[in-house]
Amino acid sequence: MEKAGETTARQLLNPSPADRLRTRLLRRGPGPAALAIPFRIPMRLLLALLWLCFCLGAQTGAPPPALHMPPGAEAGPGFDAETAAKAYLATWKPDQKARSDAYFEGGYWLQLWDLLIGAGISILLLATRLSAKFRDWSQRIASRQPLAAWLYWAQYSLAIFIVGLPWAVYEGFLRESQYGFMNQTFAAWFLDQCKSLAIDILLGGLAVVALFAIVRRLPRTWQFWCAGAAILITMIGALISPVFLAPMFNKYTPLEDAGIRDPILRIARENGIPATKVYEMDASRQSNRISANVSGLLGTERITLNDNLLRRCSPQAIMAVMGHEMGHYVLNHVYKMMAFLTILFVGYFSALRRSLDWSLAKWGARWQVRGVSDPAVLPLAALILAILGFLATPIQNTLTRTQEYEADIFGLNAARQPDGFAESALLLGEYRKMEPGALEEFIFFDHPSGRTRIYAAMRWKAENQCLGNAVNPCAR
Ligand SMILES: [Zn+2]
């Protein structure tokens, strides 16, 4: 349901992503090292789909909580969706609501600050000619262009990691701790950041080398070829992430609890999902946010629940969340997202080309950047892509929010747990504003708001009372 899991990227994805890579990719705006990765923005979108979080908090060893249905939401002849939705929303205390609103609304400003700080770092690297110095040093060591590009990338990644660290500590650690979402010590959090940096330098470096090779060899049409390569890179990332990257940050084990696992596999079979195992991950290592996801691509697909979800949510809510996740799979959301990203990438790279040509004509000599195929251009490219991504935020959010709503509807039909779904929406509301204005939801929400989701669940309940007991319909 939600993005970004324990992390979530805040929004989609951030607060405590289980892995730093996911965290950074999901994080709004350019985090330090993030700025430079041309495919970062789309990856964020994609991962937002792949990593959904649901609930918060965990009580180790406690039995699964029972579903709590507020007075006014019980099924019966007088059941009214509007009244039931209001009953659920009224279960929140005013201070809970104020805290959630403050956390989420603060995130709006963080997006702007991410952009401004990332822009400041890029301009600093260019104006001080540090970027040109990185390039000169790389070329002195390596005569071959791909290796020189990779060496540049390594220095650049390290530089933005160091310069951006104070902001990353505030946004990713201090603020999360302040709101009670952080389960890691600073040392463990920092180690995760370092792991992500290493992955960025190695795997991100391969991507950068490939993109620069395209720019050098196809000087007239590189923007189109780079868009295609970026899609390919995004797909490879989605393919290897659950199998190779995510386990570097968290432990994944097959879920042994048959009471939870078997109903999930049954719903999976009913919907043609070829899963035979359900995994559990120790997301509580980083955060107390709950998440679940169906991740992977082309055979690496898997269903994963995080331990916070298992401990905090009722069995009905877990079923509801899994129904939603399966909706992403059955509705081919990942592939549709790829198609959308292809269009978006062509737009981004075309705009990038024009903007680079214009900027380099104006300031290239002063910055000692020799052209679009010079690795020293990277801070400028990152800055332009970050601005484009920032401007396109409402479009990207609307795309993911639309898919999330589709998955919500699918999940209600698949799991038949409207009250479990309402419970999970309430828990997600602990870090996402529950009742935003319409324009606010359009611009900032990459998932439907809690109010939208709870109302959809209660409407489903009203229209399907014939199925019997809404808590456990059709003897499920
Ligand atoms: Zn979702």
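Because the structure is a prediction, the values reported are computed rather than measured.

Draft legend 1. Up close: the overall build of the protein. In terms of helices and strands, the protein carries 17 helices and five strands. Counting over 476 residues, the protein shows a buried share of 54%.

Draft legend 2. Representation of the nonpolar core within the structure. Within the largest apolar cluster, 52 residues are counted, with the highest numbers of intra-cluster contacts made by L211, C226, V377, L380 and A381. When contributions to this core are tallied by element, the ones reaching two or more residues are helix 4 (94-127), helix 6 (145-178), helix 7 (186-217), helix 8 (222-245), helix 12 (333-367) and helix 13 (378-391). By residue number, the principal contributor to this core is helix 12, which donates ten residues. With near-sequence residues (within four places) excluded, V377 lies in contact with L356, V369 and V372. Membership of the second largest hydrophobic core comes to 49 residues, among which are C313, V321, M322 and A457.

Draft legend 3. Just the packing of helix 7 against helix 8, in detail. Interhelical geometry of helix 7 versus helix 8 gives an angle of 160 degrees and a closest axis separation of 10 Å. Here helix 7 lies roughly antiparallel to helix 8, going by the angle between them. Pair helix 7 / helix 8 crosses with right-handed handedness. Touching I199, A207, A210, L211, I214 and V215 of helix 7 are W222, W225, C226, A229, I233 and L245, all from helix 8.

Draft legend 4. Fine view of the confidence of the model for the protein. When pLDDT is averaged along the protein, the result is 79, and 83% of the positions lie at 70 or above. Every residue in residues 1-61 is under pLDDT 50, and counting partners more than four places away or in other chains gives 276 contacts.

Draft legend 5. Molecular detail of the environment of G164. Tracing the chain through its elements places G164 in helix 6. Sequence separation of G164 and I117 is 47 residues, and the distance between their C-alpha atoms is 7.8 Å.

Draft legend 6. A look at helix 7. Taking 1.5 Å per residue, 32 residues should reach 46 Å; helix 7 reaches 45 Å between its end C-alpha atoms and fits that length. Where helix 7 bends most, at G204, the angle is about 30 degrees.

Draft legend 7. Spotlight on the pairing of strand 5 (residues 302-306). In terms of burial, strand 5 is largely enclosed, as four of its five residues are buried. For strand 3 (residues 278-281) and strand 5, the ladder comprises four bridges, and the chain directions are parallel. For M281, the partnering residue across the bridge sits in strand 5 and is N306. Relative to strand 5, strand 4 (residues 289-295) runs antiparallel, the two being bridged by four bridges. Bridge pairing in strand 5 places V294 opposite I303.

Draft legend 8. Structural view of the environment of Y431. Within the element layout of this structure, Y431 appears in the loop between helix 15 (418-428) and helix 16 (438-444). Between the C-alpha atom of Y431 and that of Q96, which follows or precedes it by 335 residues, the distance is 10.0 Å.

Draft legend 9. Molecular detail of the packing of helix 3 (residues 81-89) against helix 17 (residues 450-463). Axis separation between helix 3 and helix 17 bottoms out at 8 Å; the angle between their running directions is 135 degrees. The pairing of helix 3 with helix 17 is recorded here as oblique in orientation. Crossing handedness for the pair helix 3 and helix 17: right-handed. Where helix 3 abuts helix 17, its residues A81, A84, A85, Y88 and L89 lie against R451, I454, Y455, M458, R459, K461 and A462.

Draft legend 10. How the structure looks around the environment of R289. Among the structural elements, R289 can be located in strand 4. Note: C-alpha distance between R289 and L428 (139 residues apart in sequence) is 8.4 Å.

Draft legend 11. Spatial organisation of the pairing of strand 4. For strand 4, the tally of buried residues reaches seven of seven residues, placing the bulk of the element in the interior. In strand 4, alternate side chains face the same way, and those of R289, S291, N293 and S295 on one face and I290, A292 and V294 on the other are all buried.

Draft legend 12. Up close: helix 15. For helix 15, the buried fraction is high: eleven of the eleven residues fall into the buried class. Taken together, the buried positions of helix 15 are P418, D419, G420, F421, A422, E423, S424, A425, L426, L427 and L428.

Parameters and conventions
- Residues numbered from 1 in each chain as written.
- Predicted model: local features only at pLDDT ≥ 70, side-chain atom pairs only at ≥ 80, totals over all residues.
- Helix = DSSP H or I, 4+ residues; strand = E, 2+ residues; numbered from the N terminus.
- Buried ≥ 20, exposed ≤ 12 C-beta atoms within 10 Å, placed from the backbone.
- Core = buried A, V, L, I, M, F, W, Y, C linked by C-beta atoms within 7 Å.
- Contact = placed C-beta atoms within 7 Å.
- Axes fitted to C-alpha atoms, helices over the stretch in contact; angles between N-to-C directions.
- Parallel < 35°, antiparallel > 145°, perpendicular 65-115°, else oblique.
- Left-handed = near helix turned anticlockwise from the far one by under 90°.
- pLDDT = per-residue confidence, 0-100.
- Expected span 1.5 Å × (residues − 1).
- Bend = angle between axes of the 7 residues up to and from the residue.
- Pairing = 2+ DSSP bridges.

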